[in-house]
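Coordinate analysis (summary)
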Amino acid sequence: MSSSEDEGGEEYLFKIVIIGDSAVGKSNLLSRFARNEFNPHSKATIGVEFQTQIMDIDGKEVKAQIWDTAGQERFRAVTSAYYRGAVGALVVYDITRQSTFESVTRWLDELKTHSDSSMARMLVGNKCDLESIREVSVEEGKNLAESEGLFFIETSALDSTNVKTAFEIVIREIYNNVSRKVL
Ligand code: GDP
Ligand code: MG
C-alpha cells in the first residue's frame, strides 16, 4: 500500500488477495470484475498474477491491485509472498460445497499469520446462481462472518450478482482505514 501526493492530488495503491479452496470461483470472480469475463472451464494455471482496477472514491484515484492464487492452493502452498503487503482479502467458498465452507477457518488462520488485524476482509459465498444445489445456507455464511468480524456477501461470477459490490466494499473499507490514519 502506498499513498503519495503529486500535482494531481493523492494516489492510492492497495493490494488485495483472493483466497479459498480450489474451484470455488476465485479466478472467475476476478475476471468478471476486471474484464467482465466468465470462463466455464476451470484452468488452474490460467493467467496473470494480478489485475489492476482503478476506482474513483471521493474524487481520488484508487488503484486496486487484486491478486489471484493462479492455482497455488491446489498444492496447499500459497507462499508468503502472495500475502506480502496485502491490505484486503476476499475469502471465497462455494455455496454448493460444504467442504469449501469448512475450509474458511483454515484460510482465515493462514491470513492471520501473514497479515495484521486491520486488514479489510470479506467472506464471499460464490455460485449463488446454483440455488437448487446449495449446501451452505445464507444464515451459516452470515453467522461465520459475524463471529469472525468479516463483511459478508453472496456472489455469482456466472451471472455477475454482487461481484462488483464485493470488491468495491473491500476497496472502500481499505480507503476508509487509510483515511482515518491520515486524519
Ligand atoms: P478457482 O479455482 O477458485 O480459481 O475457481 P475458478 O474460477 O477456476 O472456477 C472453478 C469452476 O467453477 C469453473 O468451472 C467455473 O466456471 C465455475 N464457476 C466459477 N464461479 C461460478 C459461479 O458463480 N457460478 C457457477 N455456476 N459456476 C462458477
Ligand atoms: Mg483459479
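Here the residue index of a chain counts from 1 through its sequence in written order. Whichever chain is written first is A, and whichever ligand is written first is 1; the rest continue in order. For this predicted model, a pLDDT threshold of at least 70 governs which residues receive local features, and a threshold of 80 or more governs which side-chain atom pairs are given and counted, while totals over whole chains, interfaces and linings are taken from all residues.

Put simply, DSSP marks the helices as runs of H or I at least four residues long and the strands as runs of E at least two long, and each gets a number from the N terminus on. When its secondary structure is counted, the chain shows six helices and seven strands. Ordered by position from N to C terminus, the α and β elements of the chain give β-β-α-β-β-α-β-α-α-β-α-β-α. Relative to its full complement of 183 residues, the chain shows a buried share of 39%. Exposure classification rests on a simple neighbour count of other C-beta atoms within 10 Å of a residue's own: a residue reaching 20 or more is buried, one at 12 or fewer is exposed, and one in between is partly exposed. C-beta atoms are placed from the backbone.

This brings us to the site of ligand 1. Taken together, 18 residues lie near ligand 1, and Gly25, Lys26, Ser27, Asn28 and Leu158 sit nearest. For the shell around ligand 1, the leading source of residues is helix H1 (residues 26-35), giving three residues. Classifying every residue of the shell around ligand 1 gives six nonpolar, nine polar and three charged. All residues are tested the same way: a C-beta atom is placed from the backbone, and lying within 6 Å of a molecule or strand makes the residue near it. Classification used: nonpolar for Ala, Val, Leu, Ile, Met, Phe, Trp, Tyr, Cys and Pro, charged for Asp, Glu, Lys and Arg, polar for all others including Gly.

Let us now look at the nonpolar core. Within soluble globular proteins, side chains that are nonpolar tend to cluster in buried spots. A set of buried residues drawn from Ala, Val, Leu, Ile, Met, Phe, Trp, Tyr and Cys, joined through C-beta atoms within 7 Å, is what defines a nonpolar core. Counting residues in hydrophobic clusters, the biggest one holds 45 residues, and the most contacted among them are Ile16, Ile18, Leu90, Val91 and Val170. For this core, the elements supplying multiple residues, two or more each, are strand S2 (9-20), H1, strand S4 (60-67), strand S5 (86-94), helix H4 (104-114), strand S6 (120-126), helix H5 (138-148) and helix H6 (163-182). Contact between residues is assigned whenever the C-beta positions, reconstructed from backbone atoms, fall within 7 Å. Sequence-distant contacts of Ile18, that is, excluding residues within four places in its chain, are made with Lys26, Leu29, Leu30, Ile66, Trp67, Asp68, Thr69, Leu90 and Val92.

As a further point, take the pairing of strand S7 (residues 151-154). Where a strand is regular, its side chains alternate between the two sheet faces. Strand pairing follows a simple DSSP-based rule, namely that at least 2 bridges must link the two strands. Pairing geometry for S6 and S7, over four bridges, is parallel. Its bridge partner lying in S7, Leu123 is registered against Phe152.

The next point concerns the environment of Tyr175. With respect to the element layout, Tyr175 can be found in helix H6. When near neighbours in sequence (up to four residues on either side) are disregarded, Tyr175 contacts Tyr12, Ile57 and Val62.

Moving on: the pairing of S6. Among the seven residues in S6, seven count as buried, and that is most of the element. Burial of S6 is two-sided: the residues Ala120, Met122, Val124 and Asn126 facing one way and the residues Arg121, Leu123 and Gly125 facing the other way are all buried. Bridge analysis of S5 against S6 gives seven bridges, and the strand direction is parallel. Across the sheet, residue Val91 finds its bridge partner in S6, namely Leu123. Regarding topology, H5 serves as the crossover connection from S6 to the parallel S7, and that connection is right-handed. Throughout, right-handed denotes a crossover for which the path from the first strand over the helix to the second runs clockwise when the strands point away from the viewer.

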